[in-house]
Structures are given as C-alpha cells and as structure tokens.
Amino acid sequence: MTQTNDIILRTTTTLIAFILLGFSVYLFFAGHNAPGGGFIGGLMTAAAIILMYMAYGSKAMEKILPINFRFLIPVGLMVAAATGIGGMVFNAPFLTQTFAYFQLPILGKTELATALLFDLGVYLAVVGVTMTIILTIAYDRD
C-alpha cells in the first residue's frame, strides 16, 4: 500500500472550499433579487463538500460533518411546501410571496422575503439530493 503526499491538495482545498462556501452563501441570499438562489447555492455548497471529501476522505469528513444528507431532502421539501402553503393561510394563492424591511442590529435596514424561506427549502433539498447521489456512487464498489 502506497501512501500519497497530498499536502498540496489539502492546502488548496481549504482555501477553495472556503471560497466556494462563501460564494454559495452570496448566491443564496442574492437569489430573490438577482440570479441565484437555493438551487445554485445548494449545488455550490455540495461542490465544496465533495471537494473536501476528495481531499480528506470519508472517515475524516464524517467526523467533521456528521450529517445524514438523506435527512436534508424531506426537511427541505417540507420547508419549501410550508412556505407555499403559508400564502394560502392568508387567503392568497399557493406560493405567493411577500416581503418587508426590518432594522437588524448589524445589517441595518434589510429586506426579508418569504422567497428566502422557499429558497432555504430548495437549498436543503439540493444539497441533500446531490450529496446522496454522489456519495452513493462513491461508496458503490461492487
């Protein structure tokens, strides 16, 4: 059994994963006003996690990130569906969104929209589906 010297991969992965996660957060929050949102933000997050799996291995990543990605799929779908049903509670059509401006302590005057909650559901579902598919393929050695 040969042991590889992957110090360069691990060092660059730390930087690249940090950049990918930061960009995915930006895309997630920009989604209801500009291109982006839960879908592409979830894909970027999954790409960063997959890169870390490739660099550090599955055993280390399961210790660092003990998440059952299959659990994220129904949670994301329930959040997205609950957001859509929320409009119906106020006698509006399914998936009706609204927004308001709030004064937040650090951010100042910030727009918060129900589309952000829907995007959160999509984000969780996309991360769950993408990671489940890729890890299932990776673990299938037969």
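In the block above lies the structure referred to throughout.
Residues numbered from 1 in each chain as written. Predicted model: local features only at pLDDT ≥ 70, side-chain atom pairs only at ≥ 80, totals over all residues. Heavy atoms only, no water.

**Q** Got a minute to help me understand the overall build of the protein chain in this structure?
**A** Along its length, the protein chain carries five helices and two strands. Secondary structure elements in the protein chain, listed N-terminal to C-terminal, are α-α-α-α-β-β-α. Here the protein chain has a C-alpha radius of gyration of 18 Å; the compact-globule value for 142 residues is 14 Å, and the former is much larger. Each principal axis of the C-alpha distribution contributes one length, and for the protein chain these read about 65 × 35 × 25 Å. The buried share of the protein chain, taken over its 142 residues, is 33%. Within the protein chain, contacts between residues at least 6 apart in sequence are counted, and of these 63% link residues at least 24 apart. By element, 72% of the accessible surface of the protein chain is carried by carbon and sulfur atoms, the whole surface being about 9700 Å². Taking the 6 positively charged and 6 negatively charged side chains of the protein chain as two groups, their mean positions are separated by 7 Å. (Helix = DSSP H or I, 4+ residues; strand = E, 2+ residues; numbered from the N terminus. Rg over C-alpha atoms; globule rule 2.2 N^0.38 Å. Buried < 20%, exposed > 50% of the residue type's maximum accessible area, 1.4 Å probe, protein only. Contact = heavy atoms within 4.5 Å. Areas by Shrake-Rupley, 256 points an atom, 1.4 Å probe, with all protein chains shown as cover. Lys, Arg positive; Asp, Glu negative; His and termini not counted. Charge placed at Lys NZ, Arg CZ, Asp CG, Glu CD.)

**Q** It is not clear to me how the nonpolar core should be interpreted in this structure. Could you clarify?
**A** In globular proteins that are soluble, nonpolar side chains generally tend to be buried together. Judged by nonpolar contacts, the single largest core of 20 residues is most densely connected at Ile-49, Tyr-53, Phe-69, Val-127 and Met-131. Where this core is concerned, the elements lending two or more residues are helix H1 (7-30), helix H2 (38-56), helix H4 (69-89) and helix H5 (114-139). Counting residues per element, this core draws most heavily on H2, which supplies seven residues. In this view, Tyr-53 contacts Ser-58, Met-61, Glu-62, Phe-69, Met-131, Leu-135 and Tyr-139; residues no more than four positions away in its chain are not counted. (Core = buried A, V, L, I, M, F, W, Y, C linked by side-chain atoms within 4.5 Å.)

**Q** What exactly am I supposed to notice about the environment of Thr-132 here?
**A** Following the sequence through the fold, Thr-132 ends up in helix H5. Sequence separation of Thr-132 and Gly-38 is 94 residues, and the distance between their C-alpha atoms is 17 Å. Not counting chain neighbours up to four residues away, the residues in contact with Thr-132 comprise Phe-69, Arg-70 and Ile-73.

**Q** I tried to follow the pairing of strand E1 (residues 99-104) on my own but got confused; where do I start?
**A** Within a regular beta strand, the side chains point alternately toward one face of the sheet and then the other, so they alternate between its two faces. The pairing of E1 with strand E2 (residues 108-113) spans six bridges and is antiparallel. Pairing of Phe-102 across the sheet is with Thr-110, part of E2. Between E1 and the antiparallel strand that follows it, E2, lie three residues. (Pairing = 2+ DSSP bridges.)

**Q** What is the right way to read H1 from this model?
**A** Residue pairs three or four apart in sequence face the same way in an α-helix, which turns once every 3.6 residues. With 24 residues, H1 extends 35 Å from end C-alpha to end C-alpha; this agrees with the ideal 34 Å at 1.5 Å per step. Taken residue by residue, H1 has Thr-13, Ala-17, Leu-20, Ser-24, Leu-27, Phe-28 and Ala-30 as its buried positions. (Expected span 1.5 Å × (residues − 1).)

**Q** How should the packing of H1 against H2 be read in this particular structure?
**A** Axis angle and axis distance: for two packed helices, these are the angle between their axes and the distance between the axes, and together they describe the pair. At a minimum axis separation of 8 Å, H1 and H2 run at an interaxial angle of 170 degrees. Relative to H2, H1 is oriented roughly antiparallel. H2 is crossed by H1, and the crossing has left-handed handedness. For the pair H1 and H2, the contacting residues are Leu-9, Arg-10, Thr-13, Thr-14, Ile-16, Ala-17, Leu-20, Leu-21, Phe-23, Ser-24, Leu-27 and Phe-28 in the first and Gly-38, Ile-40, Gly-41, Met-44, Thr-45, Ala-47, Ala-48, Leu-51, Met-52, Met-54, Ala-55 and Tyr-56 in the second. (Axes fitted to C-alpha atoms, helices over the stretch in contact; angles between N-to-C directions. Parallel < 35°, antiparallel > 145°, perpendicular 65-115°, else oblique. Left-handed = near helix turned anticlockwise from the far one by under 90°.)

**Q** What is the right way to look at the environment of Tyr-101 in this model?
**A** Among the secondary structure elements, Tyr-101 is positioned in strand E1. A relative accessible area of 49% places Tyr-101 in the partly exposed class. Note: C-alpha distance between Tyr-101 and Leu-112 (eleven residues apart in sequence) is 6.2 Å. What Tyr-101 contacts, discounting residues up to four positions off in sequence, is Lys-109, Thr-110 and Glu-111.

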